Amino acid sequence: MTDERTLTGPKSAHYAGLMRNGYRERLLGTAVVFPWLVSMWVVDNLQYSQQQSSSNENVANGSDGKFEEVYRWKEVDFVYPSPKARLNALATKAFIPKNNLPLGLEVTTDKVFVTLPRWKQGVPCSLAVLDRHDPNPSPRLRPFPSWKWHQLTSSRGSNKCDVITSVFRMSLDQCGRVWVLDSGSVDIFESVNQLCPPQILVFDVNSEKLRYGLVVYDWQNNKSWRISHPHFYPDPIVSRYDLDGIIFRWTDGIFGLALSPPDPKTQEKLLYFHPLSSFREFSVSTEILRNETKSTEELDCFNAIGQPRGRKDSHASASAMDSDGILYYNLVSKSAVGCWNSKNGPHLESTQGVIETNNTTLSFPNDLKIETNGNEKYIWVLSNRLHKYLYSSLSPDEYNFRILRVNAREAVKGTVCQPGARVGPTQPICYEF
């Protein structure tokens, strides 16, 4: 039996999102643009059993696919100051394990950052970090930068807005700073509670200190502006999702953002983007984004590139492009990770590759980042069974959350994304429903 939910109307809230992989002021010149809208949805009656037992689940590892499983959790836990503090958090329902969902991912040479939005009650920490040298495959998460930053109320019971409230996504720049988008809203499944104003926080990942100052889009002129474009909106024709027999409709707009390598002649970059509820990819030059007039008035500078990436179930969430011009993206409806090599040919259905499909380890691949380590590049993916978290239930006996990694060269080997691969012709696209 399938269960269909439609998420539209006044309960659907939209938030501006943080720039994706590689965004910083130098990349865009004097301006930084955050044109990402993400819709949030409302669901209820999620069932759960708190009994924890051993799992007989067969997990695909490197021997069964290209991706290496780095971490996995049945439920996440946190590093508390003491066992007593953890027990107190459980007793007061400040920590409700089943309500904690890892969503966003970022990676440095020695740390892995994870976001946990406060979509439900009982989420004690919204931004956490892991030590990459920790051999535990299911480690406890350490609040970043400290527990103090996640205390939402003062000793007098009033709201505190100089802390981290609820983080959806984040992005690491090349200067060792993690940009954190804090929506300020909590408990969105009951009714959106705008606890604090939205804010952007910038932390030094080494010192774990906040960089104080006013974050603006145009650093030189101390100005900001909002960009709107029809390409940012979802395609209503492909707003229907069917995952594991769960049918729902999302009208999520611009979601995945990725910067191209600089053009050898102009040194400009392209911003590739796509709505979640769409099969199309779009692009715009960063030269346009840096100019307020052009970015808001010259709408023809935003281009739909080539053909849709597929005919059916080709929704893409997070994306990132490496220094070789290969775009990687999560195919949420196919439990897969796809790719397109911009140097191998135009954006056609036949030029889209699939790195790996796995209904267990890649069940709703939500976030994706690229790590560069010397001459090697690695693709990191976070999967979290979001559709089951929202519309069904997560079994405490199964591993529900995973962080995976694959070497970029190995990822594209044997696919149309491999450098120099020959690509055949593509027939005209006809959508399938």
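Residues numbered from 1 in each chain as written. Predicted model: local features only at pLDDT ≥ 70, side-chain atom pairs only at ≥ 80, totals over all residues. Heavy atoms only, no water.

Q: Talk me through the overall build of the protein; I want residue IDs and the actual numbers.
A: Helices and strands together make up the secondary structure of the protein, namely 5 helices and 27 strands. A burial count over the protein gives 56% of its 433 residues as buried. Here the analysis covers contacts within the protein between residues at least 6 apart in sequence; of these, 61% occur between residues at least 24 apart. For the protein, the exposed surface amounts to about 19,000 Å²; the carbon and sulfur share of it is 48%. (Helix = DSSP H or I, 4+ residues; strand = E, 2+ residues; numbered from the N terminus. Buried < 20%, exposed > 50% of the residue type's maximum accessible area, 1.4 Å probe, protein only. Contact = heavy atoms within 4.5 Å. Areas by Shrake-Rupley, 256 points an atom, 1.4 Å probe, with all protein chains shown as cover.)

Q: I'd like a description of unusual backbone geometry, backed by residues and values.
A: In the segment running from Phe 144 into Pro 145, the intervening peptide bond is cis, with an omega of -5 degrees. Mapped onto the fold, Pro 145 is located in the loop between strand S8 (142-143) and strand S9 (167-172). Positive phi values are uncommon outside glycine, yet Asp 244 reaches one of about 55 degrees. Assessed through its relative accessible area of 51%, Asp 244 is described here as exposed. Of note, the phi angle at Asp 313 is positive, near 50 degrees, even though the residue is not glycine. Inspection of the secondary structure assignment puts Asp 313 in the loop between strand S20 (303-304) and strand S21 (316-321).

Q: Mind laying out the side chain of Arg 132, listing which residues take part and the relevant values?
A: Locating Arg 132 in the fold gives a position in the loop between strand S7 (127-131) and S8. Of the polar contacts made by the side chain of Arg 132, one reaches the backbone oxygen of Thr 108; its length is 2.7 Å. Beyond its immediate stretch of four places on either side in the chain, Arg 132 contacts Tyr 71, Val 107, Thr 108, Thr 109, Asp 110, Lys 111, Val 112, Glu 371, Trp 380 and Arg 405. (Polar contact = N/O pair within 3.5 Å; in protein donor to acceptor, adjacent residues only side chain to side chain.)

Q: Summarise the nonpolar core; cite the residues concerned and give the values.
A: Judged by nonpolar contacts, the single largest core of 43 residues is most densely connected at Trp 119, Trp 250 and Ile 403. In this structure, Ala 318, Ile 326, Cys 339 and Ile 370 belong to the second largest nonpolar core, which totals 19 residues. (Core = buried A, V, L, I, M, F, W, Y, C linked by side-chain atoms within 4.5 Å.)

Q: Talk me through the packing of aromatic side chains; I want residue IDs and the actual numbers.
A: Here the structure, examined in full by the defined rule, presents 19 aromatic pairs. Centroid distance Tyr 71 to Trp 73: 5.9 Å. Interplanar angle 25 degrees. Geometry classified as stacked. For the pair formed by Tyr 71 and Trp 73, the shared burial category is buried. Ring plane angle 5 degrees and centroid distance 5.3 Å describe the contact between Tyr 241 and Phe 248, whose orientation is recorded as stacked. You'll find Tyr 241 and Phe 248 in the same group, each marked buried. Here a set of aromatic residues connected by ring pairs shows up, and it is made of Tyr 241, Phe 248, Trp 250, Phe 364 and Tyr 391. Stacked on the ring of Tyr 399, the Lys or Arg Arg 72 has its end atom at 3.8 Å from the ring centre. (Phe/Tyr/Trp six-rings, centres within 6.5 Å; stacked < 30°, edge-to-face > 60°. Lys NZ or Arg CZ within 6 Å of the ring centre and 35° of its normal.)

Q: An account of the sheet that holds strand S25 (residues 365-373) is requested, with residue identities and associated values reported.
A: The sheet built from 4 strands is open, its strands ordered S4-S27-S26-S25 with antiparallel pairing. Two strands lie at the open edges of the sheet, namely strand S4 (68-73) and S25, each paired on one side alone. Taking each pair of neighbouring strands and ignoring which way they run, the sheet shows an average axis angle of 15 degrees. Relative to strand S27 (residues 401-407), strand S26 (residues 376-383) runs antiparallel, the two sharing 6 bridges. In the sheet register, Ser 383 faces S27, and the bridge partner there is Arg 402. (Pairing = 2+ DSSP bridges. Axes fitted to C-alpha atoms, helices over the stretch in contact; angles between N-to-C directions.)

Q: Explain the environment of Ile 288 to me, and be specific about the residues and the numbers.
A: Its place among the elements puts Ile 288 in helix H2 (residues 286-289). Taking the relative accessible area as the measure of exposure, Ile 288 reaches 9% and is therefore buried. For the pair Ile 288 and Glu 298, spaced 10 residues apart in the sequence, the C-alpha separation amounts to 8.6 Å. Excluding residues that lie within four positions of it along the chain, Ile 288 makes contacts with Lys 294, Ser 295, Cys 301 and Phe 302.

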